[in-house]
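Results of the structural survey
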Amino acid sequence: MDHSSPHLYRQAGLAAGVERAVLDHALEQMVRNEARDALPILSLKHLAHLTGAPYLYLRDIVARVADPYTDIVAPKRSGGKRHISAPEPGLMDVQRVILKRALGNIPQHPSSFAYRQGISIVECARRHLGARWLVKLDLHDFFGSISERQVYLVFRARGYSRLMSLELARLCTRAGLSGSQRVGSTRYSAIPSYAVNTVGYLPQGGPTSGALANAVATPMDYALAGLAQEWGLVYTRYSDDLVFSAGHGFNRAIAVRIIGKATSAVRSQGFILHERKTRIIPPGARHIVLGLLVDGDVVRLTPEFRRRINVHLRGVDKFGLRSHAIHRGFRSLFSFVNHIDGCLAFAMSVEPEWARETVSAWRQILRAQAFPVN
């Protein structure tokens, strides 16, 4: 049916045998969603129609009958590992539709830079150029600390019905408990199969997870941005990385006070700071934000980042693509090549001259290894 005209929608519905009361209810729901800059998702069957996913498949996920996620350990650009819960392809497609229809225009605080189309790490780091002091904080278990109840409230605020909000929240969260979730249960008496004994959490890796995490964290961003404004600081958040920066007139004693106030503000919004990752960076020390140097007037790559890329290129050139990838713990040749390609694409946005030279060398090495190169 055509949703753009309520008259045509009602006419088509009546012609198809749909009761007038059902059509009126659907049109009321559309108005509520559109008033909040969201698009209608009227029911689980409607979502199945929009996505092509089987209705019973969606129903089983909502009822927590199955766990449609795969656990993946992926390398970080800065080194180390990231644990990701990847939705299976069917759910991935459903979440992409939910992201586009329900969360595409969701309001976010301007100090939040992650998971926003057209916004990069470089733009976030650039906010701290010229600072004399940095105070760096990290949220512990950022995604896992967000429960399906909080996700439900996001969808309710977007104008969706209670039932639809519950179903959307279940489709965007993973069953079971993460490390920071409290034991509890979710009861829904109208549909007995929806009653479960655990509280779902937001998985890192789903298409909707970033937008939902930002939505839940927005009140915290306002509190921390207000703290920064009060003390004449600059505040940014990129996912779980929080940074305050300061100019002249700042000192370590003030930094300690800021950390205490920030800790209280974060806790009041249901999050926890990772105390071991809290850092005070004074003048004269290297100023790094999100793995980028910000101690000059332009954002730069760190020497360590360049060195890691060069070590990989030398390793492939000397020992071969397969041997080096296995030695470095990658699951396949393609995952290793994709990792290097991703690092170089990132480098291109920071230092394009160095990146272009390195990309050229990388492609020559791949060709010598008989690996297909575009």
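That block above? That's the structure.
Since the structure is predicted, the reported quantities are computational estimates derived from the model, not experimental observations.

1. So, the nonpolar core
- The biggest cluster of nonpolar side chains holds 64 residues, and the ones touching the most others in it are Phe155, Leu171 and Phe244.
- With 11 residues, the top contributor of residues to this core is helix 9 (residues 209–231).
- Both domains that furnish three or more residues to this core are identified here as domain 2 (41–105 + 147–201) and domain 3 (121–141 + 216–292).
- Once residues within four sequence positions are removed from consideration, Phe155 is found in contact with Ile98, Ala102, Leu103, Tyr160, Ser165, Leu168, Ala169, Cys172 and Leu212.
- Judged by nonpolar contacts, the second largest core, of 38 residues, contains Leu134, Val243, Ile340 and Cys343.

2. Looking at the pattern of salt bridges
- One pass over the structure, following the stated rule, counts 9 salt bridges.
- One salt bridge in this structure joins Glu148 and Arg64, with 2.9 Å as the shortest N-O distance. With a gap of 84 residues between them, Glu148 in helix 7 (residues 148–157) and Arg64 in the loop between helix 4 (55–62) and strand 1 (69–75) connect regions that are remote in the sequence. Arg64 carries the same exposure label as Glu148, and that label is buried.
- Of the charged contacts in the structure, one is a salt bridge between Glu304 and Arg286, with a shortest N-O distance of 3.1 Å. Here Glu304, found in helix 11 (residues 303–319), pairs with Arg286, found in the loop between strand 6 (279–281) and strand 7 (288–289); they are 18 residues apart in sequence, far enough to count as distant.
- The exposure class assigned to Arg286 is partly exposed, which follows from its relative accessible area of 42%.
- Bridged by salt links that share partners, the residues Arg64, Glu148 and Arg170 form one connected network.

3. Thoughts on the side chain of Gln95
- With respect to the element layout, Gln95 can be found in helix 5 (residues 89–102).
- Relative accessible area serves as the criterion here: at 0%, Gln95 is assigned to the buried category.
- What Gln95 contacts, discounting residues up to four positions off in sequence, is Tyr69, Pro87, Leu171, Cys172, Gly206, Pro207 and Thr208.

4. Brief notes about the packing of aromatic side chains
- Following the criterion strictly, the structure yields 10 aromatic pairs and no others.
- Taken together, a centroid distance of 5.9 Å and an interplanar angle of 75° make the contact between Tyr115 and Phe143 edge-to-face. Of this pair, Tyr115 sits in the loop between helix 5 and helix 6 (121–126) while Phe143 sits in the loop between strand 3 (133–138) and helix 7, placing them 28 residues apart in sequence.
- For Tyr115, a relative accessible area of 40% puts it in the partly exposed group.
- Between Phe142 and Phe143, the aromatic rings sit 5.3 Å apart at their centres with planes inclined by 65°, giving edge-to-face as the arrangement.
- The class for Phe142 is buried, based on a relative accessible area of 2%.
- Taken together, Tyr115, Phe142, Phe143 and Phe271 form an aromatic cluster joined through their ring pairs.
- Between the NZ or CZ atom of Lys45 and the centre of the ring of Tyr55, over which it lies, the distance is 5.4 Å.

5. Details of the packing of helix 9 against helix 10 (residues 252–268)
- Their axes nearest at 10 Å, the elements helix 9 and helix 10 cross at an angle of 155°. Considering the angle they form, helix 9 stands roughly antiparallel to helix 10. In the packing of helix 9 onto helix 10, the handedness of the crossing is right-handed. Facing helix 9, whose interface residues are Met220, Ala223, Leu224, Leu227 and Trp231, helix 10 presents Ile254, Arg257, Ile258, Lys261, Ala262, Ala265 and Val266.
- Residues belonging to the contact of helix 9 with helix 10 are distributed by class as follows: 10 nonpolar, no polar and 2 charged.

6. Structural notes on empty space enclosed by the protein
- With the rule as written, the count across this model stands at 1 cavity of 30 Å³ or more.
- One number sums up the size of the largest cavity: a volume of about 30 Å³.
- Lining the largest cavity are Ile61, Arg64, Ala66, Asp67, Pro68, Tyr69, Thr173, Arg174 and Ala175.
- Each residue belonging to the lining of the largest cavity can be placed in one class, and the counts come to 5 nonpolar, 1 polar and 3 charged.

7. Details of the environment of Arg96
- Structurally, Arg96 can be placed in helix 5.
- Counting along the chain gives 22 residues from Arg96 to Gly118, while the straight-line C-alpha distance between them is 17 Å.

Rules behind the numbers
Residues numbered from 1 in each chain as written. Predicted model: local features only at pLDDT ≥ 70, side-chain atom pairs only at ≥ 80, totals over all residues. Heavy atoms only, no water. Core = buried A, V, L, I, M, F, W, Y, C linked by side-chain atoms within 4.5 Å. Buried < 20%, exposed > 50% of the residue type's maximum accessible area, 1.4 Å probe, protein only. Helix = DSSP H or I, 4+ residues; strand = E, 2+ residues; numbered from the N terminus. Domains from an automatic or database assignment. Contact = heavy atoms within 4.5 Å. Salt bridge = Lys/Arg side-chain N within 4 Å of Asp/Glu carboxyl O. Phe/Tyr/Trp six-rings, centres within 6.5 Å; stacked < 30°, edge-to-face > 60°. Lys NZ or Arg CZ within 6 Å of the ring centre and 35° of its normal. Axes fitted to C-alpha atoms, helices over the stretch in contact; angles between N-to-C directions. Parallel < 35°, antiparallel > 145°, perpendicular 65-115°, else oblique. Left-handed = near helix turned anticlockwise from the far one by under 90°. Nonpolar A, V, L, I, M, F, W, Y, C, P; charged D, E, K, R; others polar. 1 Å grid on protein atoms, 1.4 Å probe; cavity = no way out; pocket = protein on both sides within 12 Å on 5 of 7 lines; lining within 4 Å. Points joined across faces, edges and corners; volume = space filled by probe spheres on them.

Note that all results are geometric; they support no functional claim without further evidence.
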